[in-house]
Amino acid sequence: MSLAEIKGRIATAESAAGRAPGSVTLIAVSKVQPLDRVIAALDQGQRVFGENYVQEAAAKWPDLRARFAGVELHMIGPLQTNKAKPALELFDVIHTLDRPSLAERLARLAQDRGACPDLFVQVNTGAEPQKAGILPDDADGFIASCRALDLPVRGLMCIPPEDEDSTPHFRHLATIAARNGLTGLSMGMSGDFETAIAEGATHVRVGSAIFGARAARA
Ligand SMILES: *Cc1c(COP(=O)(O)O)cnc(C)c1O
């Protein structure tokens, strides 16, 4: 599917949900994609991209940023504490703030740097043991502790369990965000971004539907 088609489907979903045109940001997830596909999307005007690995992003994006003005880069993969510093320098937004130790590290680095990317707290809405994220019951407390550290928390992010209907997970995330006064909702991927938009997503993270299937990570 082409980038234009995905943008068309986003516009249709916005309108079906009674939401303003352009209220949903498309994050084109370019992890592990051949460079020519990423450049093709840039040539078509796409500027917001998501990456999962700090090293891969660091190898790719400084050059692309020099060639294309206005790129906005989002970290959507698990962030190791020892990669927090390069991540902070490379990304405009980090969607995977998922534990106190990372919050403390980011707060210290942000203070030294005098700047911090916008942050989304990842919530493990399915309470899956293998999945990253704050448990729903711990979310309010964690958000409060991030705010106490002066971290710019803008919203919440989730990855629903693969074998379940995403709708209740998106709703749950929206509920937690609303009661914490957060307006950002990073939810929805290739298979369920229209559902996510119906449930209030402000950022959808779409990879394979734009770029095609990913090769296995080398
Ligand atoms: C890879 C990835 C995506 C994109 O997934 P697709 O199914 O290819 O759209 C979205 N969000 C996260 C967190 C990812 O790791």
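Residues numbered from 1 in each chain as written. Predicted model: local features only at pLDDT ≥ 70, side-chain atom pairs only at ≥ 80, totals over all residues. Heavy atoms only, no water.

The name that an unreviewed UniProt entry assigns to the chain is Pyridoxal phosphate homeostasis protein, with the source organism given as Gemmobacter aquaticus. Taken verbatim from the UniProt record of the chain, the Sequence similarities (unreviewed entry) comment is "Belongs to the pyridoxal phosphate-binding protein YggS/PROSC family." Under the Function (unreviewed entry) heading, UniProt states for the chain: "Pyridoxal 5'-phosphate (PLP)-binding protein, which is involved in PLP homeostasis." (UniProt positions renumbered as here; feature names shortened; annotations may be inferred.)

Within this numbering scheme, the UniProt entry marks residues 5–214 as carrying the feature "domain: Alanine racemase N-terminal" (unreviewed entry). Between the C-alpha atoms that bound residues 5–214 there is a distance of 19 Å. The span itself is 42% helix and 17% strand. (Helix = DSSP H or I, 4+ residues; strand = E, 2+ residues; numbered from the N terminus.)

Now for the confidence of the model for the chain. With 99% of its residues at a pLDDT of 70 or more, the chain has an overall mean of 96. When mean pLDDT is compared element by element in the chain, strand 7 (residues 184–186) scores highest at 99, while helix 9 (residues 208–211) scores lowest at 95. (pLDDT = per-residue confidence, 0-100.)

The next point concerns the site of the ligand. Neighbouring the ligand are 13 residues; Lys31, Asn52, Ser190, Ser208 and Arg214 lie closest to it. Residue Lys31 places a side-chain N or O atom 2.7 Å away from an oxygen atom belonging to the ligand. Considered on its own, the ligand offers 390 Å² of accessible surface; in the complex 89% of this is hidden by protein. A per-class count over the shell around the ligand returns six nonpolar, four polar and three charged. (Near = heavy atom within 4 Å. Polar contact = N/O pair within 3.5 Å; in protein donor to acceptor, adjacent residues only side chain to side chain. Areas by Shrake-Rupley, 256 points an atom, 1.4 Å probe, with all protein chains shown as cover. Nonpolar A, V, L, I, M, F, W, Y, C, P; charged D, E, K, R; others polar.)

As a further point, take the pattern of salt bridges. In the structure shown here, the tally under the stated rule is 10 salt bridges. When the shortest N-O distance is used, the salt bridge between Lys85 and Glu89 registers 3.5 Å. Linking Lys85 with Glu89, this pair stays in helix 4 (residues 84–90), spanning four residues, or about one helical turn. Take Lys85: its relative accessible area is 43%, and that puts it in the partly exposed class. A relative accessible area of 46% places Glu89 in the partly exposed class. In this structure, Arg171 and Glu199 form a salt bridge, with 3.0 Å as the shortest nitrogen-oxygen distance. Of this pair, Arg171 sits in helix 7 (residues 167–179) while Glu199 sits in the loop between helix 8 (193–198) and strand 8 (203–206), and the two are 28 residues apart along the sequence. Exposure remark for Arg171: the relative accessible area of 47% places this residue in the partly exposed category. By sharing partners, the salt bridges in this structure join Glu51, Glu56 and Lys60 into a single network. (Salt bridge = Lys/Arg side-chain N within 4 Å of Asp/Glu carboxyl O. Buried < 20%, exposed > 50% of the residue type's maximum accessible area, 1.4 Å probe, protein only.)

Taken together, Glu162, Asp163, Glu164 and Asp165 make up a surface patch of like negative charges. By the element assignment, Asp163 lies in the loop between strand 6 (153–157) and helix 7. We classify Asp163 as exposed; its relative accessible area is 71%. (Patch = residues over 30% accessible without salt bridge, like charges linked within 9 Å, V, L, I, M, F, W, Y side chains within 5 Å. Lys, Arg positive; Asp, Glu negative; His and termini not counted. Charge placed at Lys NZ, Arg CZ, Asp CG, Glu CD.)

To continue, consider the pairing of strand 1 (residues 25–29). Along strand 1, four of the five residues are buried, which leaves the element largely enclosed by surrounding structure. Relative to strand 8, strand 1 runs parallel, the two sharing four bridges. Within the sheet, the bridge partner assigned to Ala28 lies in strand 8 and is Val206. Taken together, the two bridges between strand 1 and strand 2 (residues 48–51) define a ladder with parallel strand orientation. Across the sheet, Val29 pairs through a bridge with Gly50, a residue of strand 2. (Pairing = 2+ DSSP bridges.)

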